[in-house]
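What follows is each chain in one-letter form.
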Amino acid sequence: MEPFWEPYVYSSLVGKNGERFIRVLKILSKANERRLRCSLKVIDLNKPTVYDCLSYTWGDPLYHELSAGYPSNVRRMTGDLDHEIECDGKMIPITENLEDALLQFSDTGFISDPVEGYQENEQGFIWIDAICINQKNEAEKNVQIAMMDQIYSGARRVIAWLGRCDEHTHPALEIIQRLKSVLSKKPQVTFTDFEGPEYQSLFGNPPISSQQWNDYAAFIQRAWFNRVWVMQEAFLAKHIDVLC
């Protein structure tokens, strides 16, 4: 039987001497643990602390309209807080997409991986809005949201989580690699005919099929690429890693 977890009780982030307090998350669970376990720590942005930030979507991260069998064979994620993690022995509700990201980090230890040119995140601290801000405290939310630019610009890196893999992911990544190779040879390319000789000479053989272009289109229409907040989160990042 699953244990009953009491809701996590957030401590105050109100400072009295000019502190800029935020909470950062440390994942404690290891690969293949059934329950996600973590801990929250309060830090002062005025003092140097190494941490990462997560950029993600609360709701369904995927674009389904180009998927096989759409819409009958598609299960959409919701932005409901119907999953949970254990935090310092208490429970915090989270979304399914955030759970996927945390499971990935737990399985791989990715947050502690080195980033070239930056100090190591030895503590494995990461800032995640849904967990590190008390979502039931409107006053705290307003203060923390106003600090978002400082939080993201102060992070070692931003981790952009695009969501889990789907049928489009691997073909789309192959197209991206081909586009990258083309742009390294010719930075500005305009195509009017995707079957013309210039197109074929640049992309080579085998030609990119219409289905592959559909896979690419589905990938770049994932929800993360359409979020308004992404402009701030990506622009302020010292370094950004994009994961799915």
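Here is a short report on the structure shown in this document.

What counts and how
Residues numbered from 1 in each chain as written. Predicted model: local features only at pLDDT ≥ 70, side-chain atom pairs only at ≥ 80, totals over all residues. Heavy atoms only, no water. Pairing = 2+ DSSP bridges. Helix = DSSP H or I, 4+ residues; strand = E, 2+ residues; numbered from the N terminus. Axes fitted to C-alpha atoms, helices over the stretch in contact; angles between N-to-C directions. Contact = heavy atoms within 4.5 Å. Expected span 1.5 Å × (residues − 1). Buried < 20%, exposed > 50% of the residue type's maximum accessible area, 1.4 Å probe, protein only. Core = buried A, V, L, I, M, F, W, Y, C linked by side-chain atoms within 4.5 Å. Phe/Tyr/Trp six-rings, centres within 6.5 Å; stacked < 30°, edge-to-face > 60°.

With mixed pairing, eight strands are arranged side by side in an open sheet as β5-β4-β2-β1-β6-β3-β7-β8. Only two strands of the sheet have a single partner each, and these edge strands are β5 (90–94) and β8 (240–243). Taking the axes of each pair of neighbouring strands and ignoring which way they run, one obtains an average angle of 40 degrees across the sheet. Examined bridge by bridge, strand β3 (residues 52–55) and strand β7 (residues 158–161) share three bridges and lie parallel to one another. The residue of β7 that forms the bridge with S55 is A160. Sheet strands touched by helix α1 (residues 96–108): β1 (21–27), β3, β4 (83–87), β5, β6 (125–127), β7 and β8. Its angle to β7, the strand with the most contacts, is close to 125 degrees.

Glancing now at α1. The terminal C-alpha atoms of α1, which comprises 13 residues, lie 18 Å apart, in line with the 18 Å expected from a rise of 1.5 Å per residue. Within the span of α1, buried status applies to E96, N97, L98, E99, D100, A101, L102, F105 and S106. G109 lies just past α1 and shows a positive phi near 65 degrees.

Further remarks concern the side chain of N97. Within the fold, N97 resides in helix α1. On the accessibility criterion, N97 (0% relative accessible area) is buried. In this view, N97 contacts Y56, T57, W58, G59, P61, M77, W161 and G163; residues no more than four positions away in its chain are not counted.

The next point concerns unusual backbone geometry. Geometrically, the link from Y70 to P71 is a cis peptide bond, its omega value of 0 degrees lying close to zero. Summarising the element assignment, P71 is placed in the loop between β3 and β4. Even without being glycine, N32 reaches a positive phi, approximately 70 degrees. By relative accessible area, N32 is classed as exposed at 74%. In this structure, D88 takes a positive phi of about 50 degrees despite not being glycine. Within the secondary structure layout, D88 lies in the loop between β4 and β5. For D88, a relative accessible area of 39% translates into the label partly exposed.

So, on to the nonpolar core. Judged by nonpolar contacts, the single largest core of 43 residues is most densely connected at L25, Y51, L54, L102, F105 and W127. Setting aside residues no more than four positions away along its own chain, L54 makes contact with L98, A101, F105, I126, W127, I128, Y152, I159 and W161. In terms of nonpolar packing, the next biggest core, distinct from the first, is built from seven residues, I175, L179, L202 and F203 among them.

Looking now at the side chain of S67. Considering the arrangement of structural elements, one finds S67 in the loop between β3 and β4. The residues contacting S67, other than those within four sequence positions of it, are V74, E167 and H168.

If you walk through the whole model with that rule in mind, you get six aromatic pairs. Judged by centre distance (6.3 Å) and plane angle (20 degrees), the rings of F105 and F110 are stacked. Taken individually, F105 and F110 each receive the classification buried, so the pair is uniform in this respect. A ring pair is formed by W213 and Y216, whose centres lie 5.8 Å apart and whose planes are at 80 degrees; its orientation type is edge-to-face. Of the two residues, W213 and Y216 are both situated in helix α7 (residues 210–220); the distance of three residues between them amounts to about one turn of the helix. In textbook terms, an aromatic cluster arises when at least three aromatic residues are bridged by ring pairs, as seen for F219, W224 and F225.

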